[in-house]
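What follows is the residue order along each chain.
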Amino acid sequence: MRLEATARMDVFRKLWTARKLILVVFIPLSLLPLPLIHPTSEACCAYVLMVTAVYWVSEAVPLGAAALVPAFLYPLFGVLKSSEVAAEYCKDTTLLLMGVICLAASIEKWNLHKRIALRMVMIAGAKPGMLVLGFMCCTVFLSMWLSNTSTTAMVMPIAEAVLQQLICTGLADGHADSETVEAPEDDSAVSDKEENFNKNQLELLYRNDSDCTKQELSTGDEEANGLGLIRQTNGHLPQVAIEIPNVKRVRTRRDSQYPTKRDHMICKCLSLSITYAATIGGLITITGTSTNLIFAEQFNTRYPDAKVINFGTWFIFSFPIAIIMLVLTWLWLHFLFLGCNFRETCSWSKKRKTRREMLSEMRIQEEYTKLGPISYPEVVTGVFFILMTLLWFTREPGFVPGWTSLFEKKGYRTDATVSVLLGFLLFLIPARRPFSSSSYIFCGFQTLDDNSESDPLAPMITWKDFQRLMPWEIVILVGGGYALAAGCKVSGLSVWIGRQLEPMSGLPPWAVTLLACLLVSAVTEFASNPATLTVFLPILSALSETLRINPLHTLIPSTMCVSFGVMLPVGNPPNAIVFSYGHVKISDMVKAGFGVNLIGVAVVMLAITTWGVPLFDLNEFPAWAVARNVTGGL
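Residues numbered from 1 in each chain as written. Predicted model: local features only at pLDDT ≥ 70, side-chain atom pairs only at ≥ 80, totals over all residues. Heavy atoms only, no water.

1. Concerning the pattern of salt bridges
Turning to step 1, where the next piece is worked out: Applying the stated rule across the entire model yields 5 salt bridges.
Turning to step 2, where the next piece is worked out: Arg13 is the partner of Asp10 in a salt bridge, and the nearest nitrogen-oxygen pair spans 2.7 Å. Of this pair, Asp10 and Arg13 both sit in helix H1 (residues 2-17), separated by 3 residues, roughly a single helical turn.
Turning to step 3, where the next piece is worked out: A relative accessible area of 48% places Arg13 in the partly exposed class.
Turning to step 4, where the next piece is worked out: A salt bridge links Asp465 to Lys109, with the nearest nitrogen and oxygen atoms 3.0 Å apart. Of this pair, Asp465 sits in helix H22 (residues 463-469) while Lys109 sits in helix H8 (residues 92-109), placing them 356 residues apart in sequence. You'll find Asp465 and Lys109 in the same group, each marked buried. (Salt bridge = Lys/Arg side-chain N within 4 Å of Asp/Glu carboxyl O. Helix = DSSP H or I, 4+ residues; strand = E, 2+ residues; numbered from the N terminus. Buried < 20%, exposed > 50% of the residue type's maximum accessible area, 1.4 Å probe, protein only.)

Below, the structure written as structure tokens:
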């Protein structure tokens, strides 16, 4: 009997190991009767859609590989020609993304993002509440332009250094952390005695650096503690391999490692605030996450006559959402982990500070000093950053003629034109100061490549810098979504789906939108963000056309809510990065993430029913949707 049980367990173990391969083979075979019994274009398209969706949700194969399924199944079933499918895999948003990645590569190469983050944290101060708010603000700002994953991976080590300063100071001082030091109004008036004490204290901490704050990059296979290589495949730009620092602790990770329970709460609050702020920041710009790009391209492809979605209109709609969510999320995390004593945790007064807060401020100031004075490449990158933003805003602002009105032919220039132009110039502009006779010294941790030190005309970025950040898998994934949408349109499947949803015609528009938001935000907790949105966009578009609701009324909120997968470490890569540092448990993420999810859905619903109505004229069923509905019906 024991031998039989052992053999049975071995079989189950082998089946479990091969579960992805079994799923890859079983799903297409089990669904094959659909196109064989009903050999219509709608049935064949539905077969391709279901197979691709299952591959995406289960991640049985890489997302990019699953996105190639329509490329060979559509021609085989006669839904689309091979040349027509191939054309869907490279769109205007691909060029937009390439230009943005060029700028992001320059920002990360010259440490401009680190300078911005440290400066904003220095302004906020070391009080727990203001420290959390400062880190959230800088994370939101960086995540508007960089990928959520890259932003989290960059900000989290800075936050971890501050948290380790907090922990080590508490361990060194024992219960003395509750004592306060009278600080004068003028920082320059601090006595020499206190300065010497703080300097000695920092020297002591640095001597114990290998035990307290040493960080190493995990370069091997995934270790038992969950650290390792995380590849971004969940809807955040760009898709890069992020190596999470393996932070060695003073003791094994347990509550007793923290001097007090309050210290542990501060660590939890600051860690979770960074991943939530990265998600919030990605909502603001159309290039913030890949899901925004997926929506923009699919919407413009399905409704080519609708000239309502661009960088400016999206920013005007989403920026208030981000500000409200930032404040409410900060209040929620503060209430959950730090309590309601805002006077104690958020005071900007310099009259009374704990020794730990003073040391934390010194640590942040020291990290900023290491960057040195601002360098020439940072100035050039900052100028390009501001120029790209201004050109995006002023292309077609809506209330006044944009710079595109200066050209005779209309409709030829898009946001991708600006993005690619400025990105191309970064490959040409030298990284050394022009007309400089002496050798230029680059500040901070980033140095020139070996071949650049001898080349005075070495550019701001190289092709290797660009290639390191370019998310080619996301590009293919987005292209697969366009291919699916094109197949649904040509085969008539989208019209058929819309007819099946006619019983929902009795619901008011806000109820349809709310149901869509709740459904999408629930599914995205377990499935990748791009895959979830790619599956739901054609369905929601057909539903809106059937119910004669402005498609933007359901598509924009659903696009935003698909980013709210914040309750589990597997929800998105920033969650996994924060979880790997060991300050939070899954129960903490579920409890805090549930509140953030509700806040997000509520704020998005508020936006779409208030300032979104006049901005996108949501009360009327637009002419461009009527034309699409009539064409689709024919």
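2. Structural notes on the environment of Leu519
Turning to step 1, where the next piece is worked out: Of note, Leu519 is situated in helix H25 (residues 509-523).
Turning to step 2, where the next piece is worked out: For Leu519 and Phe536, which are 17 residues apart along the polypeptide, the C-alpha to C-alpha distance reads 9.8 Å.

3. Description of a nonpolar patch on the surface
Turning to step 1, where the next piece is worked out: Where nonpolar side chains cluster on the molecular surface, the patch consists of Met9, Val11, Phe12, Leu15, Ile22 and Phe26 and spans about 580 Å² of accessible area.
Turning to step 2, where the next piece is worked out: Examining the composition of the nonpolar patch, we find that 4 residues originate from one element, H1, more than from any other.
Turning to step 3, where the next piece is worked out: As for its position among the elements, Phe12 is in helix H1.
Turning to step 4, where the next piece is worked out: Using a relative accessible area of 47% as the deciding quantity, one classes Phe12 as partly exposed. (Patch = residues over 30% accessible without salt bridge, like charges linked within 9 Å, V, L, I, M, F, W, Y side chains within 5 Å. Areas by Shrake-Rupley, 256 points an atom, 1.4 Å probe, with all protein chains shown as cover.)

4. Regarding empty space enclosed by the protein
Turning to step 1, where the next piece is worked out: Counted by the stated rule, this structure contains 4 cavities of 30 Å³ or more.
Turning to step 2, where the next piece is worked out: Considered as a void within the structure, the largest cavity measures approximately 60 Å³ in volume.
Turning to step 3, where the next piece is worked out: Lining the largest cavity, in full, are Thr93, Thr94, Leu97, Leu293, Ile474, Val475, Val478 and Tyr482.
Turning to step 4, where the next piece is worked out: The set of elements that each furnish at least two residues to the lining of the largest cavity consists of H8 and helix H23 (472-491). (1 Å grid on protein atoms, 1.4 Å probe; cavity = no way out; pocket = protein on both sides within 12 Å on 5 of 7 lines; lining within 4 Å. Points joined across faces, edges and corners; volume = space filled by probe spheres on them.)

5. Structural notes on the nonpolar core
Turning to step 1, where the next piece is worked out: Among the nonpolar cores identified, the biggest contains 158 residues, and Trp56, Phe135, Phe295, Phe299, Ile309 and Leu552 are the most heavily contacted of them.
Turning to step 2, where the next piece is worked out: Among the elements that make up this core, the one with the highest residue count is helix H16 (residues 311-338) (12 residues).
Turning to step 3, where the next piece is worked out: Beyond its immediate stretch of four places on either side in the chain, Ile309 contacts Ile286, Phe295, Ala296, Phe299, Asn300, Leu552, Ile556 and Phe616. (Core = buried A, V, L, I, M, F, W, Y, C linked by side-chain atoms within 4.5 Å. Contact = heavy atoms within 4.5 Å.)

6. Notes on unusual backbone geometry
Turning to step 1, where the next piece is worked out: Even without being a glycine, Asn111 presents a positive backbone phi close to 65°.
Turning to step 2, where the next piece is worked out: The residue Asn111 is located in the loop between H8 and helix H9 (112-124) in this model.
Turning to step 3, where the next piece is worked out: Given a relative accessible area of 10%, Asn111 falls into the buried group.
Turning to step 4, where the next piece is worked out: The phi angle at Asp617 is positive, at roughly 55°, despite the residue not being glycine.
Turning to step 5, where the next piece is worked out: Turning to its location among the elements, Asp617 is positioned in the loop between helix H30 (612-616) and helix H31 (623-633).

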